[in-house]
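Residues per chain, in single letters:
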Amino acid sequence: MAEITFEDVKKVYGEDVVAIQDMNLDIPDGEFVVFVGPSGCGKSTALRMVAGLEDITDGKLFIGDEVVNDVPPRERDIAMVFQNYALYPHMNVRENMAFALKLRKVDSDEIDRRVNDAAKILGLENFLNRKPVALSGGQRQRVALGRAIVRDPKAFLMDEPLSNLDAKLRVQMRTEIAKLHNRIGVTTIYVTHDQTEAMTMADRIVLLKDGIVQQIAPPQEMYEYPNNVFVAGFIGSPAMNFVKGHLEKDNGNIVAAFGEARVPLSREKLENVDLDPYINNDVVVGIRPENIEDAEVVENPEGTTPITVEPQVIESMGNEKYVYFELSQAEKAHMESLAEEEAEVGGEDDDAGELLVARVSPETVAREGKEVRLLIDSSKVHLFDPETEEAILQ
């Protein structure tokens, strides 16, 4: 195993297309790190630089104690698992898994031992004589993993390895990969656009946007304490709701107000936060769907005024329901007045017409087209600066 370190790493295509901007990251031995972000954010480019498939424009990349900027891919002792499996169709499973070892002229007995051990770990013992065409997608992905395992590399690099599988098989395979990592413990960088994969598999997540690292944190920490609006909106399904709000002081409490809603912020959360510059000013209020509940189902916390909404769509998920709604007429009028004020100084109303969502109990009384009162958990409210979009209350 080996530690992998990015030190001010930059990748520029041509003269001005910046794919990765000043990336700093230390991945200790044995850690499972997931690079995640939207298409074009630079996650695959970062992985390919570790593999040696992309040149580094500036900065240093370490594998162990060695700077590998100019080290050829074959000398880096890493193994890649690709999206398309990259299996040789004319070879059976055993031959595919053994191929890299034969090129390195490893002793045949050692090759057999490694292949058999990997096949046992991956449940491929009964498929070693089959060609790839006779395997399912999940079995082919296991063979690709087995080919990486037998090399006993310093690190695994996985580039969207599950994207070609159906939804049920993706769930199964991500569990298998997590079990495999727990058993083998090799340093792993895993690239995906799927935040669910990132949340369920990673020791730490590296979230990128436009080549810039937005946040590096364990999954739960990133979920509960996002650095900015982008992180908060990307991590979590359904995504966090964002509304334009206003901070006020009321009887010693700081209240986030938007329309008819007045949400007193948790004093415990405010202990080490200075919100004075934002009092009587606008903020972006972030509320996760699971922190909004039907007022008829849960107890109304003291000091919180329910918001009255008219659900547009209700989705039943069995153990919960998703209630999609717009703000009430009074709340929309308030938000429109804020938008008009912003327009006068060059701002834009980015939230116009956007549905919000609550993730509520299946016992909800909410019905499409009929008004319902919803409660917001004030201890879970997030606040963001409307200009910088950085978190001011997590």
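Rules used throughout
- Residues numbered from 1 in each chain as written.
- Predicted model: local features only at pLDDT ≥ 70, side-chain atom pairs only at ≥ 80, totals over all residues.
- Heavy atoms only, no water.
- Helix = DSSP H or I, 4+ residues; strand = E, 2+ residues; numbered from the N terminus.
- Buried < 20%, exposed > 50% of the residue type's maximum accessible area, 1.4 Å probe, protein only.
- Areas by Shrake-Rupley, 256 points an atom, 1.4 Å probe, with all protein chains shown as cover.
- Lys, Arg positive; Asp, Glu negative; His and termini not counted.
- Charge placed at Lys NZ, Arg CZ, Asp CG, Glu CD.
- Contact = heavy atoms within 4.5 Å.
- pLDDT = per-residue confidence, 0-100.
- Core = buried A, V, L, I, M, F, W, Y, C linked by side-chain atoms within 4.5 Å.
- Pairing = 2+ DSSP bridges.
- Axes fitted to C-alpha atoms, helices over the stretch in contact; angles between N-to-C directions.
- Salt bridge = Lys/Arg side-chain N within 4 Å of Asp/Glu carboxyl O.
- Domains from an automatic or database assignment.
- Buried area = accessible area lost by both parts, 1.4 Å probe.
- Nonpolar A, V, L, I, M, F, W, Y, C, P; charged D, E, K, R; others polar.
- Phe/Tyr/Trp six-rings, centres within 6.5 Å; stacked < 30°, edge-to-face > 60°.

**Some points on the overall build of the chain**
Within the chain, the secondary structure is distributed over 9 helices and 21 strands. The dimensions of the chain, computed from C-alpha atoms along their principal axes, are 80 × 45 × 35 Å. Looking at the chain as a whole, 50% of its 394 residues are labelled buried. Of the accessible surface of the chain, which amounts to about 19,100 Å², a share of 44% is contributed by carbon and sulfur atoms. Distance between charge centres in the chain, computed from 41 positive and 72 negative side chains, equals 12 Å.

**Here's the deal with the environment of S361**
Within the secondary structure layout, S361 lies in the loop between β18 (356–360) and β19 (372–376). Under the relative-accessibility criterion, S361 is labelled buried at 14%. Filtering out sequence-adjacent residues up to four positions away, S361 remains in contact with E293 and V297.

**Digging into the confidence of the model for the chain**
Averaged over every residue, the pLDDT of the chain is 88; the share at 70 or more is 92%. Here residues 345–352 scores under 50 on pLDDT; set against residues more than four positions off or in separate chains, the count is 9 contacts.

**Considerations on the nonpolar core**
One finds M97, L145, I177, Y190 and L207 to be the most contacted residues of the largest nonpolar core, which totals 48 residues. In contact with M97, not counting residues within four places along its chain, are V115, A118, A119, L124, L128, V143, G146, R147 and V150.

**Looking at the sheet that holds strand β9 (residues 204–209)**
In space, the 6 strands of this open sheet follow the order β6-β7-β8-β3-β9-β10, with mixed pairing throughout. Two strands bound the open sheet, and with one partner strand each, they are β6 (78–81) and β10 (212–217). Averaged over all neighbouring strand pairs, the angle between strand axes comes to 15°, with direction disregarded. Of the pairings in the sheet, the one linking β9 to β10 comprises 5 bridges and is antiparallel in character. Across the sheet, residue K209 finds its bridge partner in β10, namely I212.

**Some words on the side chain of H181**
Relative to the helices and strands, H181 is located in helix α5 (residues 167–184). If we ignore the near neighbours within four places in the chain, the residues touching H181 are G30, E31, F32, V186, T188 and D203.

**Let's talk about the sheet that holds strand β16 (residues 307–316)**
Strand order in the open sheet made by the 5 strands is β15-β19-β16-β17-β18, with antiparallel pairing throughout. Unpaired on one side and paired on the other, β15 (292–294) and β18 mark the two borders of the sheet. Between one strand axis and the next, the sheet turns through 50° on average, direction left out of account. When β16 meets β19, the two strands line up antiparallel, connected through 3 bridges.

**Quick look at the pattern of salt bridges**
Tallied over the entire structure, the rule returns 12 salt bridges. Linking E54 and K11 is a salt bridge whose minimum nitrogen-to-oxygen distance equals 3.7 Å. Of this pair, E54 sits in the loop between α1 (43–51) and β4 (58–63) while K11 sits in strand β1 (residues 4–13), placing them 43 residues apart in sequence. For the residue pair E54 and K11, the accessibility class agrees, reading buried in each case. Across the pair E320 and R359 runs a salt bridge whose closest N-O atoms are separated by 3.0 Å. Note that E320 is positioned in the loop between β16 and β17 (321–326) and R359 in strand β18, a separation of 39 residues in sequence. With relative accessibility at 17%, the residue E320 sits in the buried group. According to the relative accessible area criterion, R359 is partly exposed, its value standing at 24%.

**A few points about the pairing of β4**
Looking at chain direction, β1 and β4 are connected through 5 bridges and run antiparallel. Each residue of the ladder has a partner; that of F6, found in β4, is L61. Between β4 and strand β5 (residues 66–67), which pair antiparallel in sequence order, lie 2 residues; one of them, G64, sits at a positive phi of approximately 70°.

**As for the domain arrangement of the chain**
If you check the domain split of the chain, you get domain 1 (4–234) and domain 2 (241–384). Taken over C-alpha atoms, the centre of domain 1 sits 40 Å from the centre of domain 2. Approximately 600 Å² of surface area, both sides summed, lies buried where domain 1 meets domain 2, with 61% of it carried by carbon and sulfur atoms. Among the residues domain 1 hides against domain 2, the three largest losses belong to Y223, V229 and A232. Together they make up 71% of the total. For the interface between domain 1 and domain 2, the tally reads 0 salt bridges. Elements represented by at least two residues in the side of domain 1 that touches domain 2 include exactly α7 (219–224) and α8 (229–234). A total of 3 residues in the side of domain 1 that touches domain 2 trace back to one element, the largest contributor, which is α8. Split by residue class, the side of domain 1 that touches domain 2 holds 4 nonpolar, 2 polar and 1 charged.

**A few points about the packing of aromatic side chains**
One pass over the full model with this rule turns up 5 aromatic pairs. Each ring, one from F242 and one from F384, has its centre 5.9 Å from the other, and the planes form 70°; the classification is edge-to-face. Of this pair, F242 sits in strand β11 (residues 241–250) while F384 is found in strand β20 (residues 382–384), placing the two residues 142 residues apart along the sequence. Accessibility assignment for this pair places F242 and F384 in one class, buried.

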